[in-house]
Amino acid sequence: MSLSRRSSRSRSLHRLPSRLRPLSRDASSVDPLDIIKTTTHLSGQLEDESGQESIGGYRVVTWKSYVAEQRERVPEFKLAKDLPHSLQDHMSALPAKYRNSEIGRKVFEAVIRQATFGEPDAPPIEIFDNGVGDEVTPQWEFVYTNEMWLGEGVPPPDVKNLKSCGCVGKCDPKSKTCACAKRQLEWLQHYIDADIFSATWPGSPFVYDHRGILQRPDCPIFECNQFCSCDDDCPNRVVQHGRRLPVHIVKTMHKGWGVSAGAKKIPRGSYVGIYAGELLTEQEGEERGRYYDIYGRTYLFSVDFHHLKTGMQDPDDWDNIYVVDAYHAGNFTRFLNHSCDPNCSIYACYINEADVEKPLLVVFTTRDVDPWEELCFSYYGDIEVREKESAKDHAVYALCRCEADNCIGRLFT
């Protein structure tokens, strides 16, 4: 995945949808004879006249039947055209003196807290006023969100074709029947056959160990999804549980706003967050990129991970389909700065999406991160490869100020 150069899941069945209501509207009128009148299935289960399992006129809802119905439904998703902006417009219209006050900072932090309701274990994100510059908060130019908002022409998530496991309890990496383990291994087999890494590692074939630490970086991640029967504390559920590490938004001396770690050391392979925003078609990304070039900065990322090109005779023949734009919508990850010696990287992760062209862009640490150290990743991907490439005419270049020993001197803004 590269920077564009063109410029809690709930499995509770306590509240069932209306279509899962009892077949009998009056529970008190159930006649014992109704049970006798039902047809006994060969397996011993009772069915009503429609062929659905029932007891005394009430539907029997199993996890299997629930999943089967949910697969046929259009999943919930958000459209980019529905992004709210009234609060942002109001705050932007206020005097700079108010926006850069302590009250302004508290309002910004409150917006962040409201948007992280799906991450119950996430420590609050603070905006540190370190006295650098005049701004107390970032500009109110975007909607803070941890979700993906689909642009025009982007189809809803494909949940019908999700491969889901039927494991009881936690998934066992050594299981021969776990569908999720098989799927992950299928996508890793190419790297194993090419001797890029060994055939076994802690937690293999899942990419996480029992602590949720990423063991196989630079590879696609396939987590258990909403239709899997395994427990919520399955070791193959990490990204979907949200951020658990403290991070802070801070102003830097030469790079604008950035993100720093908290007071504790962050281990290598730790999940940081999702690069959230709008998921756009390549065409719309191209159009926006031209405007961003004029403006002087871009938050566009091409979804062009190398595993999407696996099996092609000439990877250059592969056409990019989607891009992610965090300009109008995003979270703290949009403030991650570039470094030629990064401590983070972005990988493809699939949870409730069967379309391999539409992964989540997730951030993990690539080495141990010291307390209060700035979190950065490479806008170029592989620095050694990118520094050999010539500059593209559209690119928004600026002097790189990462101060790394291997700094190549320029970056995309």
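Remember, predicted model here, so these are calculated numbers, not experimental data.

### Structural notes on unusual backbone geometry
The omega torsion across S204 and P205 is 10°, close enough to zero to call that bond cis. By secondary structure assignment, the location of P205 is in the loop between α6 (179-193) and β10 (221-222). With a phi angle near 60°, D195 is a residue other than glycine that sits in the positive phi range. Tracing the chain through its elements places D195 in the loop between α6 and β10. Judged by relative accessible area, D195 falls into the exposed class, the value being 68%. Of note, the phi angle at D218 is positive, near 70°, even though the residue is not glycine.

### Re the confidence of the model for the protein chain
Per-residue confidence for the protein chain gives a mean pLDDT of 85, with 83% of residues at or over 70. Predicted confidence is poor over residues 383-394, with pLDDT under 50, and the contacts of this stretch with residues over four places away or in other chains come to 18 contacts.

### Some thoughts on the pattern of salt bridges
Taken as a whole and judged by the stated rule, the model has 18 salt bridges. Between R244 and D121 there is a salt bridge, and its shortest N-O distance comes to 3.7 Å. Taken together, the residues R244 in the loop between β10 and β11 (247-251) and D121 in the loop between α5 (102-115) and β7 (126-127) connect sequence positions 123 residues apart. Here R244 falls in the partly exposed class, since its relative accessible area comes to 48%. Through salt bridges with shared partners, one network takes in E278, E284, R288 and D325.

### So, the pairing of strand β16 (residues 322-325)
Burial along β16 is two-sided: Y322 and V324 and V323 and D325, pointing in opposite directions, are all buried. Note: strand β14 (residues 277-281) against β16, four bridges, orientation antiparallel. When the sheet's bridge partners are listed, T281 is paired in β16 with Y322. Sheet analysis places strand β15 (residues 300-302) next to β16, joined by three bridges and oriented antiparallel. Paired with S302 across the two strands is V323, which belongs to β16.

Criteria and thresholds
Residues numbered from 1 in each chain as written. Predicted model: local features only at pLDDT ≥ 70, side-chain atom pairs only at ≥ 80, totals over all residues. Heavy atoms only, no water. Helix = DSSP H or I, 4+ residues; strand = E, 2+ residues; numbered from the N terminus. Buried < 20%, exposed > 50% of the residue type's maximum accessible area, 1.4 Å probe, protein only. pLDDT = per-residue confidence, 0-100. Contact = heavy atoms within 4.5 Å. Salt bridge = Lys/Arg side-chain N within 4 Å of Asp/Glu carboxyl O. Pairing = 2+ DSSP bridges.

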